[in-house]
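# Architecture and fold: a report
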Amino acid sequence: MLIVVTAIVAAGFGGFSVPAARAASSILPAEVYFSQTGHNLGGDFLSAWQDNGGLMVFGYPISEPITENGRTVQYFERARFELHPEYAGTRYVVEASLLGDWATQSERSTPPFQPRPTNSTGDSNCTFYPETGHYLCNGFRNYWEQNGGLWVYGYPISEEFQQKNPDTGQTYTVQYFERARFEYHPENAGTPYEVLLGRLGASYAAAQGVNTAPVPPASNAIDAFQGLLDPAWSHAIHTADGSIVGVVTTDSLNIRSAPSVNAPVVGTTYARHPIMIDGVVQGDAVGGIPVWYEVGQGQYVAAAYVSPFVPSPPPQTFSGHWVDVNLSQFYAVAYDGSQPVYAAIITAGASDNPTPTGVYQVLERVPNATMDSATVGIPKGSPGYYYLTNVLFTQYFKSGGYALHQNWWTPPGNFGNYSTHGCVGLLLPDAQWFWNFLSIGSTVSIHN
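Conventions and cut-offs
- Residues numbered from 1 in each chain as written.
- Predicted model: local features only at pLDDT ≥ 70, side-chain atom pairs only at ≥ 80, totals over all residues.
- Heavy atoms only, no water.
- Helix = DSSP H or I, 4+ residues; strand = E, 2+ residues; numbered from the N terminus.
- Contact = heavy atoms within 4.5 Å.
- pLDDT = per-residue confidence, 0-100.
- Salt bridge = Lys/Arg side-chain N within 4 Å of Asp/Glu carboxyl O.
- Buried < 20%, exposed > 50% of the residue type's maximum accessible area, 1.4 Å probe, protein only.
- Core = buried A, V, L, I, M, F, W, Y, C linked by side-chain atoms within 4.5 Å.
- Pairing = 2+ DSSP bridges.
- Axes fitted to C-alpha atoms, helices over the stretch in contact; angles between N-to-C directions.
- Disulfide = S-S within 2.5 Å.
- Phe/Tyr/Trp six-rings, centres within 6.5 Å; stacked < 30°, edge-to-face > 60°.
- Lys NZ or Arg CZ within 6 Å of the ring centre and 35° of its normal.

On to the environment of A224, then. Summarising the element assignment, A224 is placed in the loop between β13 (221-223) and α8 (226-229). Considered as a pair, A224 and P61 are 163 residues apart in the sequence and their alpha carbons are 11 Å apart. Each residue touching A224, except ones within four places of it in the same chain, is listed here: V32, Y33, F34 and L229.

Next up, the structure:
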């Protein structure tokens, strides 16, 4: 039986969250080949897979894209994707079939699937969903909220109950959702695998007689590699202009003019520096990974040394354009409301001249500043005196000369440390980016 999802769209949900700012697969290769199952994944299906949890949520692809009832679909271990070109450019371009509904058709009359009275538990660790009459509680609720929520799994359609896993024969605490089955695995407590999803995609494929035999790699496919499979990519920052933010994991990383270890070096980046990824291409193997990231026109870095940049949650959020400055991690993260859109590594003031913590607003902007400490009470000849010219893109947020600005006197490799007299120092491209993003009155929230 084919589970139809289009009726769910009218109810206001049913599609994956593919960022509208970037076209499908704009930073991903055209095709990725998974040798684990012998199948390719590309286009909108690859974007939806990556942006909504990847391997952790959906598992490996177990079929090629095929046509069923006039619709292009592809099967995964834990899901079935449908392509809806009529919704191109929206979150509904890829939709997931209601496999949880399908898997439980014969169980709907049993107690776990009977709707519950509204708010009958009074438990703050539970959320009641009147749409289906069921609760979502504790660890399952945390997993649901942190890994895609309604857009990926749908509403709960059962309470928690004990059920035997058909693949392992073991009994687990489970809960069904419109598109998934959650299993609690206490043996994995404290790890990302404490909650696992049932293999409903594989079960449905078997029931439908879908051909899951391995196929050769597509001619333009790159091999799936560990970095690509990192589920943290679905939580990494997506910039407004279509890049995704990674972070350098080695002491220094050469930027080359082509995806080759023999190509000319056109720049260098350093440990913990965020880096904007515009695309993924095949290239020379580095660390056993033949994949490079495009980080600008004619600029490439080896993928082996870049991981997803996932920002720490700010202590509070603000409306409009604002910046969260984390002094313990030495990052400035730009937000548009609650959405992070950019990240930069910073320098800050040490204990003798600390960067102030608190919530401030941009008070004054000077495109090219001269900073003379005599104007803030440190006269020439005194310890700590400084006189700095050509400090670009300076945005003052507190009296006493405190600002976000370019820091040209600190070597880039020393960023992520203390080297200012209380200001927030930025590399030139980052200072310019924040200059264009912020304005008078924009919030600057600084904390440890």
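Confidence in the prediction for the protein chain averages 89 pLDDT; 93% of positions are at 70 or higher. This model gives residues 17-26 a pLDDT under 50, and the stretch forms 25 contacts once residues within four places in sequence are excluded.

With that settled, consider the pattern of salt bridges. A full pass over the atoms with the stated rule returns six salt bridges. Ionic pairing is found between R71 and E86, a salt bridge with its closest N-O pair at 3.3 Å. A residue pair is termed long-range when its members are at least 10 positions apart, and R71 in strand β4 (residues 71-75) and E86 in the loop between β5 (80-83) and β6 (94-96) qualify at 15 residues. For R71, a relative accessible area of 24% gives the class partly exposed. Salt-bridge contacts for R199 lead to E77; the nearest nitrogen and oxygen are separated by 3.7 Å. Taken together, the residues R199 in the loop between β12 (195-197) and α7 (200-208) and E77 in the loop between β4 and β5 connect sequence positions 122 residues apart. Here R199 falls in the partly exposed class, since its relative accessible area comes to 32%. Relative accessible area serves as the criterion here: at 16%, E77 is assigned to the buried category. Each of E68, R80 and E82 takes part in a single network of salt bridges with overlapping partners.

So, about the nonpolar core. The nonpolar side chains of a soluble globular protein tend to be buried with one another. Counting 51 residues, the largest nonpolar core has W49, F81, Y153, F182 and Y293 as its most contacted members. Not counting the four nearest positions on each side in its chain, Y153 is found in contact with V57, Y143, W144, N147, G148, F177, E178, R179, A180, F182 and L197. Grouped together as the second largest cluster of nonpolar side chains are 39 residues, V323, L327, V424 and W435 included.

What follows covers the sheet that holds strand β14 (residues 244-248). Spatially, the three strands line up as an open sheet ordered β17-β14-β21, and their pairing is antiparallel. Bordering the open sheet on either side are β17 (274-277) and β21 (306-308), each of which pairs with just one other strand. Pairs of neighbouring strands in the sheet enclose a mean axial angle of 45°, with direction left out of account. Where β14 and β21 come together, three bridges link them in antiparallel fashion. In the sheet register, G246 faces β21, and the bridge partner there is P308.

Tallied over the full model, the rule gives one disulfide. Put simply, C126 and C137 are joined by a disulfide, and their sulfur atoms are 2.0 Å apart. Disulfide C126 to C137: torsion about the S-S bond roughly 115°, handedness right-handed. With C126 in strand β7 (residues 126-129) and C137 in strand β8 (residues 134-137), this residue pair connects regions lying eleven residues apart in the sequence. Owing to a relative accessible area of 16%, C126 belongs among the buried residues under this scheme.

By the alternation rule, side chains of strand β9 (residues 161-164) split into F161 and Q163, which are all buried, and Q162 and K164, of which none is buried. With four bridges connecting them, β9 and strand β10 (residues 171-176) associate as antiparallel partners. Counted as the bridge partner of Q163 is Y172 from β10. The turn joining β9 and β10, which pair antiparallel and follow one another in sequence, is formed by six residues; a positive phi near 80° is taken by G169.

Right, let's talk about the packing of aromatic side chains for a bit. Inspection of every chain in the model, using the stated rule, returns 32 aromatic pairs. An angle of 15° between the planes, with centres 4.7 Å apart, marks the rings of W322 and Y335 as stacked. Taken together, the residues span a long stretch of sequence, with W322 in strand β22 (residues 321-326) and Y335 in strand β23 (residues 331-336) at a distance of 13 residues. Residue classification places W322 among the buried residues on the basis of a relative accessible area of 0%. An aromatic cluster is built from F140, Y143, Y153, F177 and F182, whose rings are joined through pairwise contacts. For R91, the ring lying beneath its charged end belongs to W151, and the centroid distance is 3.9 Å.

Turning next to the pairing of β14. Look at any regular strand and the pattern is simple: side chains alternate between the two faces of the sheet. Among the five residues that make up β14, five are buried, leaving the element largely enclosed by the rest of the structure. The two faces of β14 match: I244, G246 and V248 on one face and V245 and V247 on the other face are all buried. Here four bridges tie β14 to β17, and the two strands are oriented antiparallel to one another. When the sheet's bridge partners are listed, V245 is paired in β17 with M276.

Right, let's get into the environment of L363. For L363, the position within the fold is in the loop between β25 (358-361) and β26 (364-372). If we skip the residues at most four places from it in the chain, L363 touches Y396, F397, K398, S399 and I440.

A few words on the environment of F318. By secondary structure assignment, the location of F318 is in the loop between β21 and β22. On the accessibility criterion, F318 (19% relative accessible area) is buried. For the pair F318 and S252, spaced 66 residues apart in sequence, the C-alpha to C-alpha distance is 35 Å. If we ignore the near neighbours within four places in the chain, the residues touching F318 are G337, V359, T443 and S445.

With that settled, the discussion passes to the sheet that holds β12. With antiparallel pairing, the four strands of this open sheet are ordered in space as β9-β10-β11-β12. Edge positions in the open sheet fall to β9 and β12, since each of these has one partner strand only. For this sheet the average axis-to-axis angle between neighbouring strands, irrespective of direction, equals 45°. Looking at chain direction, strand β11 (residues 181-184) and β12 are connected through three bridges and run antiparallel. Along β12, the bridge assignment pairs F182 with L197. Set on the sheet, helix α5 (residues 138-146) makes contact with β10, β11 and β12; between it and β11 the angle comes to about 130°.

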